Amino acid sequence: MIAALVALALAAPQEAPAAPVAPSAAATAPVATMLSRVVLTTDAGPIVIGVDSKAAPITAANFLKYVDGKKLDGVSFYRAVKVADGYGIVQFGTRNDAKRTLPPIKFEPTTQTGLSHTDGTISMAMAAPNTATGDFFVVVGDLTSMDARDGQPGFAAFGRVLEGMDVIRRILLAPTSPTLGEGAMKGQMLAPAIRVTSARRAP
């Protein structure tokens, strides 16, 4: 079982794949011209994210509001969930900081957007549908169990990493604290957290 992604609250369980599957070819070769590019400059290196405003207009617009408002400058990658060798998620965002966090947005499930949690996908952390605000996670490896299916809402994917998956994988393998974190998040908190110095749209 892996913990469902949440900003700060307790996580709901979500089943991991029976066996890890290799990243799909589509995941490694997105149509970049259709995506808005955002560069995250981090202490671990640069990450370029392609934001899919066509497939997930509400969720994509939310992320771009955080970028354009410079609300992600100075936040951190603070959580790494290792599902299997080389598979898992890394999470970053505002952590409910009142000065940074915007109101919750309407949930866009993968059944609506047609997106899937394949290797490099970026998605919204949330405690329940319609609660997502300013925390995001990136998938390492194909974790399609995080898609909507079998009556479960899944999570709201809205784009993918175009460059810098090596940085994401380093973050996934970074040290975590055995004591920090509450409930299902205990032992998943990065120590130290990895700072995002800036988030900007690419020219």
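What counts and how
- Residues numbered from 1 in each chain as written.
- Predicted model: local features only at pLDDT ≥ 70, side-chain atom pairs only at ≥ 80, totals over all residues.
- Heavy atoms only, no water.
- Helix = DSSP H or I, 4+ residues; strand = E, 2+ residues; numbered from the N terminus.
- Buried < 20%, exposed > 50% of the residue type's maximum accessible area, 1.4 Å probe, protein only.
- Contact = heavy atoms within 4.5 Å.
- Areas by Shrake-Rupley, 256 points an atom, 1.4 Å probe, with all protein chains shown as cover.
- Polar contact = N/O pair within 3.5 Å; in protein donor to acceptor, adjacent residues only side chain to side chain.
- Pairing = 2+ DSSP bridges.

Participant: What's the story with the overall build of the protein chain in this structure? I'm lost.
Facilitator: For the protein chain, the count of helices and strands is four helices and 10 strands. Order of helices (α) and strands (β) in the protein chain, N terminus to C terminus: β-β-α-β-β-α-β-β-α-β-β-β-α-β. The buried share of the protein chain, reckoned over its 203 residues, is 50%. Within the protein chain, residue pairs in contact and separated by at least 24 positions form 72% of the contacts whose partners lie at least 6 positions apart. By element, 57% of the accessible surface of the protein chain is carried by carbon and sulfur atoms, the whole surface being about 8,900 Å².

Participant: Whenever I open this one, the side chain of Gln 91 confuses me. Can you help?
Facilitator: You can see Gln 91 is positioned in strand 6 (residues 87-93). A relative accessible area of 0% places Gln 91 in the buried class. A distance of 2.8 Å separates polar atoms of two side chains, one belonging to Gln 91 and the other to Tyr 78.

Participant: Before we go on, may I ask you to explain the pairing of strand 5 (residues 76-84) in this structure?
Facilitator: Regular strands show a simple pattern: their side chains alternate between the two faces of the sheet. Sheet topology places strand 5 next to strand 6; seven bridges connect them, and they run antiparallel. Bridging across to strand 6, Ala 84 finds its partner in Tyr 87. Here strand 5 folds back onto strand 6, and the loop between the two strands holds two residues, one of which, Gly 86, carries a positive phi near 80°. Inspection of the sheet shows strand 5 paired to strand 10 (residues 189-201) by three bridges, in the antiparallel sense. Directly across from Phe 77, in strand 10, lies its bridge partner Ile 194.

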